[in-house]
There are 2 protein chains.
Amino acid sequence: MDPCTSLATGTVREAALAARSAADRLATTTGAERDAALTAVSGRLTARVLDVLAANERDLAAARANGLPDAVLDRLALDTDQIDSLASMVRDLADRPDPLGEVTRGAVMPSGLEVREIRTPIGVVGMIYEGRPNVTVDAGVLCLKSGNAALLRGSSSARHTNAALIDIMREGIASADLPPDTLQAVPGDTHASVHELMSLTGLVDVLVPRGGRELIRTTVREAAVPVIETGVGNCHVYVDEHADLDMALSILLNAKTQRPTVCNAAESLLVHAAVADSFLPRALAALADRDVTVHGDRRVRAYDASVVPATDEDWGREYLSLDIAAAVVDSMDAAVCHIRLHGSGHTEAIVTDSQTAARRFVAALDTAVVAVNASTRLADGAELGLGTELGISTQKLHARGPMGLSALTTTKCVVTGDGHIRGATPMTTSLSCDALGRPPRGRS
Amino acid sequence: MDPCTSLATGTVREAALAARSAADRLATTTGAERDAALTAVSGRLTARVLDVLAANERDLAAARANGLPDAVLDRLALDTDQIDSLASMVRDLADRPDPLGEVTRGAVMPSGLEVREIRTPIGVVGMIYEGRPNVTVDAGVLCLKSGNAALLRGSSSARHTNAALIDIMREGIASADLPPDTLQAVPGDTHASVHELMSLTGLVDVLVPRGGRELIRTTVREAAVPVIETGVGNCHVYVDEHADLDMALSILLNAKTQRPTVCNAAESLLVHAAVADSFLPRALAALADRDVTVHGDRRVRAYDASVVPATDEDWGREYLSLDIAAAVVDSMDAAVCHIRLHGSGHTEAIVTDSQTAARRFVAALDTAVVAVNASTRLADGAELGLGTELGISTQKLHARGPMGLSALTTTKCVVTGDGHIRGATPMTTSLSCDALGRPPRGRS
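What comes next concerns the included structure. Owing to the predicted nature of the structure, the values given are computational and were not obtained by experimental measurement. (Residues numbered from 1 in each chain as written. Chains lettered and ligands numbered in written order. Predicted model: local features only at pLDDT ≥ 70, side-chain atom pairs only at ≥ 80, totals over all residues.)

1. Section: the relation of the copies chain A and chain B
- Once chain A is rotated about the relating axis by 180° and shifted along it by 0.0 Å, it coincides with chain B to within an RMSD of 0.1 Å. Both copies are brought into coincidence by an operation consistent with a two-fold rotation axis. Taking C-alpha positions as the reference, the residue of chain A nearest the rotation axis is His 398 of chain A, at 1.7 Å.
- Comparing interface residues between copies, 100% of those in chain A also sit at the interface in chain B, which points to an isologous, same-surface contact. (Least-squares fit on C-alpha atoms with pLDDT ≥ 70 in both. Contact = placed C-beta atoms within 7 Å.)

Here it is, written out as structure tokens:
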């Protein structure tokens with residue numbers, strides 16, 4: 001059976017209804033049931049590695065035939081090692097604690113009313129993403145672990161690979177007696193089907209777009225379903241007057257060049273005037289060594305003729321390439337003002353040995369992540385102990401920063417009484433025995 | 001000075017910019033500074049009670065002149081006692097713990113990198129509400145306590161009262177050396193100004209509509225700014241076959257009649273067939289005694305000729321009046337299915353002495369609040385220990401159920417290292433003394 005055929009039938013609404021019904025079932029599963037499904041998924045990923053490679057080869061052949069650039073082919077390609085590491089990630093996820101059922105708040109009110117707020121699944125999650133097919137597995141298994149059903153809509157250039165991965169995950173889920181419709185591809189391959197997904201309020205609980213700026217903007221603008229915005233980052237590295245300059249250089253180079261195409265790479269450098277003379281010549285030479293183009297203000301350009309003039313636009317850009325904007329600032333407060341004006345609320349780093357400066361920088365900036373003497377590249381779920389991440393939220397509501405399992409949960413408030421009503425003192429429920437230890441008369 | 005004049009100048013965007021700047025300042029205040037402002041607000045509410053009463057009298061006179069119904073006049077009117085209890089609520093709020101700075105997650109990663117996720121303010125909150133002027137104070141001081149600036153847009157029929165209350169709160173805030181623009185009325189009194197407020201993405205972080213169904217729907221549909229949906233409730237009371245029927249009657253009457261115009265009042269009654277004969281005749285008589293009109297299915301109508309036939313629409317209605325829909329169900333699972341189909345995800349109650357039934361009901365329903373042997377009317381911030389509430393969220397993202405102070409916060413992830421970068425083992429930072437207790441050579 002061609003996995004694509006089995007997944008591409010039916011309408012988006014039908015898929016969402018099936019997801020809703022799977023979500024209803026998942027809401028009453030135990031963690032052990034969901035972990036058994038994850039273990040089955042992991043085993044099948046290893047067992048069916050050839051199916052994935054064959055599907056991936058079809059996508060790669062089509063991409064080559066369509067003349068897609070090497071960078072796209074590179075992101076699209078999966079090899080045995082990558083599939084093995086997906087399988088091992090899924091196995092590790094099965095070992096993590098269940099995010100559901102956690103009591104996030106609990107109290108007994110003076111009236112004796114018991115209150116417990118507990119973590120529950122969100123329900124149906126729609127995921128719209130570009131690029132690497134591993135996101136299909138990441139998103140799918142995070143949803144399964146947290147008791148959510150997912151509608152997955154990846155890039156059309158990865159359609160066969162994604163279909164094979166979804167088929168494998170569904171097979172694993174079904175083998176563990178959970179509903180395979182927990183994970184489905186969004187039927188249809190047109191913009192109309194994405195648009196229908198965005199309109200299904202009441203059936204789809206949340207949409208998570210993950211990809212380029214245009215994808216995210218379109219989703220936020222067009223969706224009637226609530227959206228969690230992810231990942232546009234204009235991350236700054238600020239080198240304070242009290243910085244250890246060796247450390248500053250190491251952090252700057254890591255933040256800019258370790259993987260320049262991702263949202264937590266640095267896009268702007270700010271240097272305190274007091275250390276500009278000692279830091280900038282070294283930093284500019286090291287950046288040039290690594291083929292980084294620096295877009296500098298007048299004071300930065302004074303150190304190196306190869307620095308190109310920064311325009312006003314450069315301060316707000318997410319290059320996602322070997323480019324960086326750079327300016328000299330006269331104080332830490334000037335750096336904070338620059339970041340408030342141009343930052344995207346993703347990740348901001350300060351390099352300083354001053355406690356005062358670090359505390360002030362952390363308090364003054366309204367951003368998902370602040371790094372003190374650490375690289376912006378560490379703003380990542382796995383690096384920060386959250387495990388595999390669904391994406392990095394740059395919005396303030398619900399989830400902010402790297403999103404792990406708890407971002408896929410909501411809460412339910414369970415209130416338990418003995419006939420408690422509003423505006424009246426409750427019945428006495430105390431039980432006292434008499435002096436001989438017998439229960440009071442009339443009480444069973 | 002007429003407080004209205006001072007608040008109605010400028011554009012909505014100017015007000016939002018001023019709020020943004022106040023929010024930046026608030027983000028670095030201590031809890032003690034914000035509590036001092038709350039104490040000052042409380043004192044001024046008491047001291048300026050006559051100003052509030054005079055402003056309220058102007059609104060009441062205008063409302064009478066416009067022929068507004070008694071119910072509206074009733075909600076609009078404030079008396080000295082009510083203002084005193086607002087002042088005392090504000091004083092109590094000052095005594096509650098600061099919601100900011102709480103570490104919601106913390107870890108030291110294997111590399112030594114320190115991770116702390118801390119509660120921070122959301123920023124600028126827009127509040128659009130109808131009815132009672134006390135919401136002006138509730139929303140204003142909750143935002144102040146949680147370090148947020150607020151743009152308040154109340155009902156135009158309460159404009160003078162709201163302006164006086166905002167003026168008093170601003171005066172208290174200024175006297176404590178915090179920015180008075182922390183709280184502002186939305187300038188202008190037209191729909192255009194509300195619409196502008198809804199469009200200010202980047203300046204306004206969240207909108208909270210609180211009022212009727214139409215207000216909430218319009219805000220959700222029209223706003224570009226993220227919205228927290230509140231308060232439409234089709235709450236059910238399910239009387240299980242294992243219910244204590246006296247308790248069931250007491251809960252039913254409280255849930256339906258104690259205050260029928262609010263979102264946590266019961267709108268639907270479901271009775272297990274096994275107890276219908278013993279429960280329904282008593283319940284229908286007691287409801288009739290309290291002037292409640294019952295809209296029943298065929299099986300309910302068999303018990304009492306005064307029950308009017310329920311149409312399909314009745315199962316989904318939020319009456320907000322002395323009406324209730326009622327049906328007999330053959331099992332608890334049938335009750336759950338009915339509620340899944342018609343419920344609004346606000347509050348659902350079960351009356352039962354069976355642990356099995358209670359656990360199943362709680363697990364199976366996807367709703368903000370589930371009450372076991374307790375009235376739906378207890379789904380309220382103060383009743384559940386959260387203090388004064390901003391509203392009851394019926395959405396799943398960010399905040400669900402009664403919203404207290406923590407619903408007005410987001411988090412910031414603070415990452416601290418010693419030059420930690422991605423993809424490399426960190427420098428050794430261990431410090432060992434020699435056998436004589438001296439620090440190692442070369443270390444200062």
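2. Some details on the sheet that holds strand β16 (residues 409-420) of chain A
- The mixed open sheet is built from ten strands, whose spatial order is β1(A)-β2(A)-β16(A)-β13(B)-β12(B)-β7(B)-β8(B)-β11(B)-β9(B)-β10(B). Of all the strands in the sheet, the pair left with one neighbour each is β1 (103-108) of chain A together with β10 (308-309) of chain B.
- Sheet topology places strand β9 (residues 293-296) of chain B next to β10 of chain B; two bridges connect them, and they run parallel. Looking at β10 of chain B, one finds that Gly 296 of chain B is bridged to Pro 309 of chain B. (Pairing = 2+ DSSP bridges. Helix = DSSP H or I, 4+ residues; strand = E, 2+ residues; numbered from the N terminus.)

3. Details of helix α4 (residues 49-65) of chain B
Residue and element names in this part refer to chain B.
- Taking 1.5 Å per residue, 17 residues should reach 24 Å; α4 reaches 24 Å between its end C-alpha atoms and fits that length.
- The complete set of buried residues in α4 reads Val 52, Ala 55, Asn 56, Asp 59 and Leu 60. Each buried residue of α4 lies within a common arc of 145° when the element is viewed along its axis, so the set occupies one face. Across α4 from its buried face, at more than 90 degrees, point the exposed residues Leu 50, Ala 61, Arg 64 and Ala 65.
- As for α4, its buried residues are in contact with α5 (70-76), α6 (80-95) and α8 (159-175). (Expected span 1.5 Å × (residues − 1). Buried ≥ 20, exposed ≤ 12 C-beta atoms within 10 Å, placed from the backbone. Arc of directions from axis to C-beta.)

4. Remarks on unusual backbone geometry
Residues and elements named next belong to chain B.
- Of note, the phi angle at Leu 320 is positive, near 55°, even though the residue is not glycine.
- Tracing the chain through its elements places Leu 320 in the loop between β10 and β11 (323-329).
- Even without glycine at this site, His 398 takes up a positive phi of about 70°.
- Locating His 398 in the fold gives a position in the loop between β14 (392-393) and β15 (401-402).
- Using a count of 21 C-beta atoms within 10 Å as the deciding quantity, one classes His 398 as buried.

5. A look at the environment of Gly 154 of chain B
All names here are of chain B.
- As for its position among the elements, Gly 154 is in the loop between β4 (149-153) and α8.
- Using a count of 26 C-beta atoms within 10 Å as the deciding quantity, one classes Gly 154 as buried.
- Note: C-alpha distance between Gly 154 and Met 127 (27 residues apart in sequence) is 7.9 Å.
- Setting aside residues up to four positions removed in sequence, Gly 154 forms contacts with Tyr 129, Pro 133, Val 135, Thr 136 and Asn 162.

6. Side note on helix α11 (residues 245-257) of chain B
- In a regular helix each residue adds 1.5 Å, so 13 residues correspond to 18 Å; α11 of chain B covers 18 Å between its end C-alpha atoms and thus fits that length.
- Buried within α11 of chain B are the following residues: Met 247, Ala 248, Ile 251, Leu 252, Leu 253, Asn 254, Ala 255 and Lys 256 of chain B.

7. Comments concerning the pairing of strand β8 (residues 266-272) of chain B
Residue and element names in this part refer to chain B.
- When you tally the buried positions in β8, you get seven out of seven residues, the bulk of the element.
- Between the parallel pair strand β7 (residues 235-239) and β8, the chain is carried across by α11, and the sense of this crossover is right-handed.
- One ladder, built from five bridges, connects β8 with β11; its direction is parallel. Looking across to β11, one finds that Val 271 is bridged to Val 328. (Right-handed = clockwise from strand over helix to strand, strands pointing away.)

8. Section: the environment of Asp 74 of chain A
- Checked against the element boundaries, Asp 74 of chain A lands in helix α5 (residues 70-76).
- A sequence separation of 144 residues divides Asp 74 of chain A from Thr 218 of chain A, and the C-alpha atoms of the two residues are 26 Å apart.

9. Some details on the pairing of strand β11 (residues 323-329) of chain A
Residue and element names in this part refer to chain A.
- A large share of β11 lies buried, amounting to six of its seven residues.
- Pairing of strand β9 (residues 293-296) with β11 involves four bridges; the strand directions are parallel. By the bridge assignment, Val 294 is partnered in β11 with Ile 324.

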